[in-house]
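One-letter residues, chain by chain:
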Amino acid sequence: MPVERTLCIVKPDAVEKRKAGAILARIEEGGFKVVALRMARLSVREAEGFYAVHEARPFFGELVQFMTRSPVVIAVLEREGAVTVWRDLMGATDPAKAQSGTIRKQFGANVGENATHGSDSADNAGKEIAYFFPGVEVSPTA
Ligand code: GDP
């Protein structure tokens, strides 16, 4: 697997529960290098832009409200196969359906408040990294 980068967001529910550190520890223990990191309170506009692909879904308003209600931690993660490995470590969208040992199983509350975000393809990872970290290279440099 090639070394690549993906975008991680520790969502408001997990930051509110003070689990951001525990989740970042799981990420590092999972062999990822954190190559960019920042905390932010997303504006409605930023959250709507980030989730624009879900605009027509019935839960869109609820999702934007959730993602903007308190700060998030946004990180760029690097390792071999980062996109797939991070999706596997997060687990299924619905924590109730996520495998044991996954981050969403451990820290997620429900299908909406599921602790973390991860890019679903290398292509989208590039776009998402550029959205939140315009100065960061999408491709690993070393
Ligand atoms: P992901 O790629 O696993 O994050 O899942 P999706 O791309 O399908 O959905 C994006 C995000 O929208 C999820 O991570 C949830 O936070 C939220 N979401 C998905 N389905 C629902 C739902 O049925 N209700 C609500 N309130 N939020 C949802």
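Each chain carries its own residue numbering, running from 1 in the written order of its sequence. Reporting of local features is limited, given that this is a predicted model, to residues whose pLDDT is at least 70; pairs of side-chain atoms are given and counted only at 80 or more, and all residues count toward the totals for whole chains, interfaces and linings. Where side-chain values are given, they derive from all heavy atoms of the structure, hydrogens and water being excluded.

Participant: What exactly am I supposed to notice about the layout of surface pockets here?
Facilitator: Over the atoms a probe the size of a water molecule is rolled, and this reveals where empty space is left. With a 1 Å grid spanning the protein atoms alone, the term cavity applies to any set of points in which a 1.4 Å probe fits but cannot get out, the term pocket to an open set with protein on both sides within 12 Å along at least five of seven lines, and the term lining residue to any residue with an atom within 4 Å of a point. Grid points are joined across faces, edges and corners, and a volume is the space filled by probe spheres set on the points. Approximately 750 Å³ is the volume attributed to the largest pocket. As for the largest pocket, its lining consists of 30 residues, and the residues nearest its centre are Lys 11, Tyr 51, His 54, Leu 63 and His 117. The helix count covers DSSP runs of H or I at least four residues long, the strand count covers runs of E at least two residues long, and both are numbered beginning at the N terminus. Those elements giving two or more residues to the lining of the largest pocket turn out to be helix H3 (44-50), helix H4 (60-67), strand E4 (116-118) and helix H7 (122-132). In terms of residue count, H7 provides more of the lining of the largest pocket than any other element does, 4 residues in total. All amino acids are sorted into three groups, where Ala, Val, Leu, Ile, Met, Phe, Trp, Tyr, Cys and Pro are nonpolar, Asp, Glu, Lys and Arg are charged, and the leftover types, Gly among them, are polar. Tallied by class, the residues present in the lining of the largest pocket amount to 9 nonpolar, 11 polar and 10 charged.

Participant: Can you help me understand the side chain of Arg 26 in this one?
Facilitator: Its place among the elements puts Arg 26 in helix H2 (residues 20-29). Glu 29 is the oppositely charged side chain nearest to the buried, salt-bridge-free Arg 26, at an N-O distance of 5.0 Å. Leaving out residues up to four positions away in the same chain, Arg 26 has contacts with Leu 89, Gly 101, Thr 102, Ile 103 and Gln 106. Partly exposed residues are those whose accessible area sits between 20% and 50% of the maximum for their type, while under 20% is buried and over 50% is exposed, using a 1.4 Å probe and protein chains only. We score Asp and Glu as negative and Lys and Arg as positive, and we do not count His or the chain ends. Salt-bridge detection follows one rule: a side-chain nitrogen of Lys or Arg within 4 Å of a carboxyl oxygen of Asp or Glu. Whether two residues are in contact is decided by their heavy atoms: any pair within 4.5 Å suffices.

Participant: In this structure, what is going on with the site of the ligand? I would like to understand it.
Facilitator: The immediate surroundings of the ligand are formed by Lys 11, His 54, Phe 59, Glu 62, Leu 63, Arg 87, Thr 93, Arg 104, Val 111, Gly 112 and Asn 114. At 2.5 Å from an oxygen atom of the ligand is found a side-chain nitrogen or oxygen belonging to Thr 93. Every accessible area reported is derived by Shrake-Rupley at a probe size of 1.4 Å, with residue values counting cover from the shown protein chains alone. If the ligand stood free it would expose 560 Å²; the protein chains cover 80% of that surface. Most atoms of the ligand, that is more than half of them, are within 2 Å of grid points of the largest pocket. Of the residues contributing to the shell around the ligand, the split by class is 3 nonpolar, 4 polar and 4 charged. Here a residue counts as near a molecule or strand whenever at least one of its heavy atoms sits within 4 Å of it. Here a polar contact is taken to be a pair of N or O atoms separated by no more than 3.5 Å, where protein atoms must pair a possible hydrogen donor with a possible acceptor and residues adjacent in sequence count only if both atoms sit in side chains. Just a note on the criterion: a molecule sits in a pocket or cavity if more than half of its atoms are within 2 Å of the grid points.

Participant: What's the story with the packing of aromatic side chains in this structure? I'm lost.
Facilitator: Two numbers describe a pair of aromatic rings. These are the distance of the centres and the angle of the planes. Stacked, tilted and edge-to-face pairs are distinguished by plane angle, under 30 degrees for stacked and over 60 for edge-to-face with tilted covering the rest, among Phe, Tyr and Trp rings (Trp via its six-membered ring) whose centres lie within 6.5 Å. Counted according to the given criterion, the structure contains 5 aromatic pairs. Pairing Phe 50 with Tyr 131 gives two aromatic rings, centres 6.0 Å apart and planes at 45°, and the pair type is tilted. Separated by 81 residues along the polypeptide, Phe 50 in helix H3 and Tyr 131 in helix H7 bring together distant segments of the chain. Among the residues examined, Phe 50 registers a relative accessible area of 10% and is labelled buried. Here the aromatic cluster, defined as three or more aromatic residues joined through ring pairs, consists of Phe 50, Tyr 51, Tyr 131 and Phe 132. Taking the ring centre of Phe 32 as reference, the NZ or CZ of Arg 79 above it sits at 5.6 Å. Counted as over-ring charges are cases with an Arg CZ or a Lys NZ within 6 Å of the ring centre that also lie within 35 degrees of the ring normal.

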